[in-house]
Amino acid sequence: MRSIASAAALMLAGAPVSAQTVDVAPFTAHEITPRIHLLSTPDDYYGPAIGNVVLIEQRDGFVLVDSGLNAGNGRAVVRYARSLSPKPIKAVMITHWHNDHPQGISSIRDAYPKVRIIATRQTEAGMLGPEAFDIGYAPGPKWDGAMNMLIAKNKEQLQKLLEAPDTAPDRKERIRKALVQFDAFAGDFSGSYIVPPTETFERQLLIDDPDMPVQILYLGRANTEGDAIAWLPKQKIVATGDIVVSPIPFGFGSYSGDWIETIGKIKALGFTTLIPGHGLPQSDTAYLDRLIAALTDLRTQIAPYAKAGMPVDEVKKKVDFSKSIDTFGTTQRSRANTQALFFDPMTGSVYRELRGEPIVQGEGSPEPDVPRDTPPKPSSKHHKS
Ligand SMILES: [Zn+2]
C-alpha cells in the first residue's frame, strides 16, 4: 500500500490528505486537485529514472501526460486511473521521446485499445529513430535478456560498494534500497514494447472539455527537439515534461538558447501550479529562474572559447560552473548529480550550438552495450495546426 499525498496540500499544509489502497509502485500518488493527479517516484527511489505521469480527468475520460518507463509502470497507471474513476484513458500525450516517458504506453493501450497517442513529429522521430534504439533503453524482442544482463551488471557494482569498508552508512542504506528497486524494475520492464504515436501535431492541439480543456502545445526546442507541454487554461496548471526537472535538471542533447526562450513562454502562461517532468509540483517561477540562470551561465562561460575555436576538451578544463551547481543543492551527492546529469553533457551541446554545429539527440546519456531491435514504422495522422 502506498500513501497518497496532495502535493498542493503538502506544500501549503505539510500533511497528506487521504489514503488509497491501490499499489502504484514504484510511483507515489499525489492529488493536485480532485480531478488532476500525479504519479511520481519518491525521494528514496534509486532505480532508473522514470518520468512523472499526470492524469487529467475530463468528463468522458482521462488525458494523460506521459506514461512511465516500462510496461509495469503503465499497468500501475491503469490501476490508479481505475481507482479514481471507471472512465477510460482516452489520450496520452508524450512530452518527448526519452524512454522514461513513452514506454508505459504498451500496457495502457492493452487496457484501452482506442487510446489516442499524441506527440510532436520530432518526438515521434525520436521514439522510432536510431537515437532511442542506440540509447539502449528501447524495448523489443531482444531486449529482456539484454536488460537482465544490464541489471545484473548494475547490481554487481552496487553489491561491491555495499561490501566496501569505506562506503558511508547512509550510502549503504541507499544501495540496499536500490538493489530491491532494480529487481522490481526488471520485472516491470519485461514485456515492454514501443507503441508509435497515433497522431502528431505542429504547434497546438486542443482536447476540449467543458470544465477542463487541455491545450497541448509545442513552444519551441528545449530539453529535446520536440518537447510538448500540457496547459490547462481554466485551472492554470501546466505539465512541462523534462523542460523542467527538479530538484536537478537533466540536459542530454539539449538546445540551451531555445530552452531559455521556451521557459520564458511557460512563465508567460501565468500558471499557478507547474508539474515538472520529474519531481514535485512548483507554485512559483523561482526554479524556472534558476534554470534560466544556469543555462545563461553555461552559454556565457563557453561562448568566448567556442568562438576562439578551442577544442571542447580544453574548454571543459577552463569553465567553472560550481556557483550555478550550488543553486540546485549543496550536498556532495547533489553536486555530483547536477554535474553529471546537466552541466557535463550540456557543456558539449552548448559548445556545438554556439559554433553552429548540430546537436546530437540524447548525447551524453548512458549507452549500455546491448543488442538492438528494429524500430516500428510511424503510422500517425498529422495535424497541421
Ligand atoms: Zn525524463
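This is a predicted model, so every value here is computed, not measured. (Residues numbered from 1 in each chain as written. Predicted model: local features only at pLDDT ≥ 70, side-chain atom pairs only at ≥ 80, totals over all residues. Heavy atoms only, no water.)

## With respect to the packing of aromatic side chains
Going by this rule: Centres within 6.5 Å are what make two rings of Phe, Tyr or Trp a pair, Trp counting through its six-membered ring; a difference in plane orientation under 30 degrees is then read as stacked, over 60 as edge-to-face, and the rest as tilted. Each helix is a run of H or I in the DSSP string that is no shorter than four residues. Each strand is a run of E no shorter than two, and both are numbered from the N terminus. Burial classification: accessible surface area is computed with a 1.4 Å probe over protein chains only, and a residue below 20% of its type maximum counts as buried, one above 50% as exposed, and the rest as partly exposed.
One pass over the structure, following the stated rule, counts five aromatic pairs. Measuring from centroid to centroid gives 5.8 Å for Tyr287 and Phe328, while their planes differ by 70°, and the two rings are edge-to-face. One end of the pair, Tyr287, is in helix 9 (residues 286–308); the other, Phe328, is in the loop between helix 11 (322–326) and helix 12 (332–354), with 41 residues separating them in the sequence. Neither Tyr287 nor Phe328 differs from the other in exposure class; each is buried. Here the aromatic residues Trp259, Phe321, Phe342 and Phe343 are joined through ring pairs into a cluster of three or more.

## Structural notes on the environment of Trp259
As a reminder, the rule being used: Two residues form a contact once any of their heavy atoms are found within 4.5 Å.
In this structure, Trp259 sits in helix 8 (residues 256–268). Sequence separation of Trp259 and Gly220 is 39 residues, and the distance between their C-alpha atoms is 7.6 Å. Non-local contacts of Trp259, meaning those with residues more than four positions away in its chain, are made with Arg221, Ala222, Asn223, Asp242, Ile243, Phe250, Gly251, Ser254, Leu295, Phe342 and Met346.

## What to know about the pairing of strand 10 (residues 204–207)
Which entries qualify depends on this criterion: If DSSP finds at least two bridges between two strands, the strands pair.
With burial as the criterion, only one face of strand 10 is covered, namely that bearing Leu205 and Ile207; the residues Gln204 and Leu206 on the opposite face remain uncovered. Alignment of strand 10 against strand 11 (residues 214–218), held across four bridges, turns out to be antiparallel. Its bridge partner being in strand 11, Ile207 is matched across the sheet by Val214.

## Quick notes on the coordination of the zinc ion
As a reminder of what qualifies: Metal donors were taken as nitrogen, oxygen and sulfur atoms no farther than 2.8 Å from the ion, or 3.2 Å where the ion is Na, K or Ca. Water is excluded, so coordination may look unfinished. Here the metal geometry follows the donor angles, with tetrahedral for four donors whose angles all fall between 85 and 135 degrees, square planar for four and octahedral for six when opposite donors are more than 155 degrees apart and every other angle is between 65 and 115, and irregular for all the rest.
Protein-derived ligands of the zinc ion are Asp100 (OD), His101 (NE2), Asp242 (OD) and His278 (NE2), with the metal-ligand distances lying across 2.1 to 2.2 Å. What the four donor atoms of the zinc ion show is an angle range of 85 to 169° at the metal, which sorts the shape as irregular. All donors to the zinc ion come from one chain, and their sequence spacing reads D-H-x140-D-x35-H. Taken together, the positions of His101 in the loop between strand 7 (89–93) and helix 3 (105–111) and Asp242 in the loop between strand 13 (237–239) and helix 8 put the pair 141 residues apart, joining distant regions of the chain.

## What about the side chain of Ser85?
In this structure, Ser85 sits in the loop between helix 2 (71–84) and strand 7. Those residues in contact with Ser85, other than ones at most four positions away along the chain, are Glu57 and Phe62.

## Here's the deal with the pattern of salt bridges
Which entries qualify depends on this criterion: The salt bridge criterion pairs a side-chain nitrogen of Lys or Arg with a carboxyl oxygen of Asp or Glu, the two atoms within 4 Å.
Within the structure shown, the criterion is met by 16 salt bridges. For the salt bridge of Asp44 with Lys177, the shortest nitrogen-to-oxygen distance reads 3.6 Å. A residue pair is termed long-range when its members are at least 10 positions apart, and Asp44 in the loop between strand 4 (36–40) and strand 5 (53–58) and Lys177 in helix 7 (residues 169–189) qualify at 133 residues. Given the relative accessible area of 33%, Asp44 is considered partly exposed. Note that Arg174 is salt-bridged to Asp170, the shortest N-O span being 3.7 Å. With Arg174 and Asp170 both in helix 7 and four residues apart, this pair spans about one turn of that helix. Shared partners join several salt bridges into a network, and the residues in it are Arg35, Glu57 and Lys87.

## Some thoughts on the sheet that holds strand 12 (residues 228–232)
Stated precisely, the cut-off is as follows: Every axis corresponds to a line fitted to the C-alpha atoms, with the helix fit spanning only the stretch in contact, and the corresponding angles, defined between N-to-C directions, vary from 0 to 180 degrees.
Strand order across the open sheet formed by five strands is 10-11-12-13-14, with mixed pairing between neighbours. Whereas interior strands pair on both sides, the edge strands pair on one side only; in this sheet they are strand 10 and strand 14 (273–275). For this sheet, the mean inter-axis angle between neighbouring strands, taken without regard to orientation, is 20°. Bridging between strand 13 and strand 14 involves three bridges; their strand directions are parallel. Residue Ile237 lies in a different strand from strand 14, and its bridge partner there is Thr273.

## Some words on the nonpolar core
The condition is simple: Residues belong to one nonpolar core when they are buried, are Ala, Val, Leu, Ile, Met, Phe, Trp, Tyr or Cys, and are joined through side-chain atoms within 4.5 Å. For the domain bounds, the source is a domain assignment made automatically or taken from a database.
If you look at the biggest cluster of nonpolar residues, it comprises 43 residues, and the most contacted ones within it are Phe27, Leu39, Leu55, Leu64, Val77, Ile89 and Val92. Per element, the largest residue contribution to this core is seven residues, and it comes from helix 7. Three or more residues apiece are contributed to this core by two domains, here domain 1 (3–138 + 193–286) and domain 2 (143–189). With near-sequence residues (within four places) excluded, Leu39 lies in contact with Val24, Phe27, Thr28, Ala29, Asn52, Val53, Leu55, Val77 and Tyr80. In this structure, Val238, Leu295, Ala306 and Val319 belong to the second largest nonpolar core, which totals 33 residues.

## Quick word on the pairing of strand 4
Across the five residues of strand 4, five count as buried, placing the element largely inside the fold. Neither face of strand 4 is left uncovered, since the one carrying Ile36, Leu38 and Ser40 and the one carrying His37 and Leu39 both have all their residues buried. As paired elements, strand 3 (residues 28–33) and strand 4 share five bridges and run antiparallel to each other. Looking at the pairing, Glu31 lines up with His37 of strand 4. Connecting the antiparallel pair strand 3 and strand 4 is a turn made up of two residues. Pairing of strand 4 with strand 5 involves four bridges; the strand directions are antiparallel. For His37, the partnering residue across the bridge sits in strand 5 and is Leu55.

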